[in-house]
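# Topology and contacts: notes
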Amino acid sequence: MSAGHRPCAECRRDRFNLFKEAWIEGNREHAPSGKASVSDIDNLLHRERVDTDSKEKRTYLARLIDLPSGVFVAVAGKSLLWWEGNAYPWLPTGYQSPVEVSKENSVEVLTPPSLVNAIRCGYVPTVEF
């Protein structure tokens, strides 16, 4: 999810349905009728994760303590999973032991805002350590 992708609606239908329900709840401004198509969600996710002019990843700043479990952030150029009050560095080989990060400081949030909103509204990402 940190890259801005949702669960697959075909091969992970149950997870997708949970995700979509939380996504709509957390993103009412994008789904005022209480409905959103897969295309609506995907189009917004694409706009949130890629700057159309520069083609670079979009990020934003937030205090770590204000973010829900399951969000990816960057601190000093390192990608970290914020999970249950701990910051786990991510490497292609997997998650590493948690590192100390000030929860009061602002961090660069890698997870797109609408996904953060879905997590806040009850969607729990699958994490395998």
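Relevant structure appears above.
Keep in mind the model is a prediction, meaning the values are calculated, not measured. (Residues numbered from 1 in each chain as written. Predicted model: local features only at pLDDT ≥ 70, side-chain atom pairs only at ≥ 80, totals over all residues. Heavy atoms only, no water.)

### A few points about the overall build of the protein chain
The secondary structure content of the protein chain amounts to 3 helices and 6 strands. Along the chain direction, N to C, the helices and strands of the protein chain fall in the order α-α-β-β-β-β-β-β-α. For 129 residues, the compact-globule estimate of 2.2 N^0.38 gives 14 Å, and the C-alpha radius of gyration of the protein chain, at 15 Å, lies within 12% of that figure. Dimensions of the protein chain along its principal axes, counting C-alpha atoms only, are 40 × 35 × 25 Å. Per-residue burial for the protein chain yields a buried fraction of 37% across its 129 residues. Put simply, 60% of the contacts in the protein chain that link residues at least 6 apart link residues at least 24 apart. (Helix = DSSP H or I, 4+ residues; strand = E, 2+ residues; numbered from the N terminus. Rg over C-alpha atoms; globule rule 2.2 N^0.38 Å. Buried < 20%, exposed > 50% of the residue type's maximum accessible area, 1.4 Å probe, protein only. Contact = heavy atoms within 4.5 Å.)

### A look at the sheet that holds strand 1 (residues 60-63)
Note on sheets: strands pair through backbone hydrogen bonds, and any given pair is parallel or antiparallel. Taking strand neighbours across the sheet as the criterion, the 6 strands line up as 1-6-2-3-4-5 in an open arrangement whose pairing is antiparallel. Edge strands, defined here as strands with exactly one partner in the open sheet, are strand 1 and strand 5 (94-95). In the sheet, strand 4 (residues 86-91) pairs with strand 5 via 2 bridges, with the strands oriented antiparallel. For Trp90, the partnering residue across the bridge sits in strand 5 and is Tyr95. (Pairing = 2+ DSSP bridges.)

### What about the pairing of strand 2 (residues 71-75)?
With respect to burial, strand 2 is a largely interior element, 4 of its 5 residues being buried. Bridge count between strand 2 and strand 3 (residues 78-83): 5 bridges; the pairing is antiparallel. Directly across from Val75, in strand 3, lies its bridge partner Lys78. With antiparallel pairing between neighbouring strands as the criterion, strand 2 and strand 3 make up a hairpin whose turn holds 2 residues, including Ala76 at a positive phi of roughly 50 degrees. Sheet analysis places strand 2 next to strand 6 (residues 106-109), joined by 2 bridges and oriented antiparallel. Across the sheet, Val73 pairs through a bridge with Val109, a residue of strand 6.

### Details of the environment of Pro125
Within the secondary structure, Pro125 sits in the segment after helix 3 (113-120). With 53 residues separating them along the chain, Pro125 and Phe72 place their C-alpha atoms 11 Å apart.

### Considerations on the side chain of Asn27
Mapped onto the elements, Asn27 comes out in the loop between helix 1 (13-26) and helix 2 (38-49). We classify Asn27 as buried; its relative accessible area is 1%. Separated by 3.1 Å, the side chain of Asn27 and the backbone oxygen of Ser114 make a polar contact. Sequence-distant contacts of Asn27, defined by excluding residues within four places in its chain, comprise Ser114, Asn117 and Ala118. (Polar contact = N/O pair within 3.5 Å; in protein donor to acceptor, adjacent residues only side chain to side chain.)

### Notes on the packing of helix 1 against helix 3
In the contact formed by helix 1 and helix 3, the axes pass within 7 Å of each other and the chain directions differ by 105 degrees. By the angle between their axes, helix 1 is roughly perpendicular relative to helix 3. Residue-level contacts link Phe19, Ala22, Trp23 and Gly26 of helix 1 to Ser114, Leu115, Asn117 and Ala118 of helix 3. Taken together, the residues of the contact of helix 1 with helix 3 sort by class into 5 nonpolar, 3 polar and no charged. (Axes fitted to C-alpha atoms, helices over the stretch in contact; angles between N-to-C directions. Parallel < 35°, antiparallel > 145°, perpendicular 65-115°, else oblique. Nonpolar A, V, L, I, M, F, W, Y, C, P; charged D, E, K, R; others polar.)

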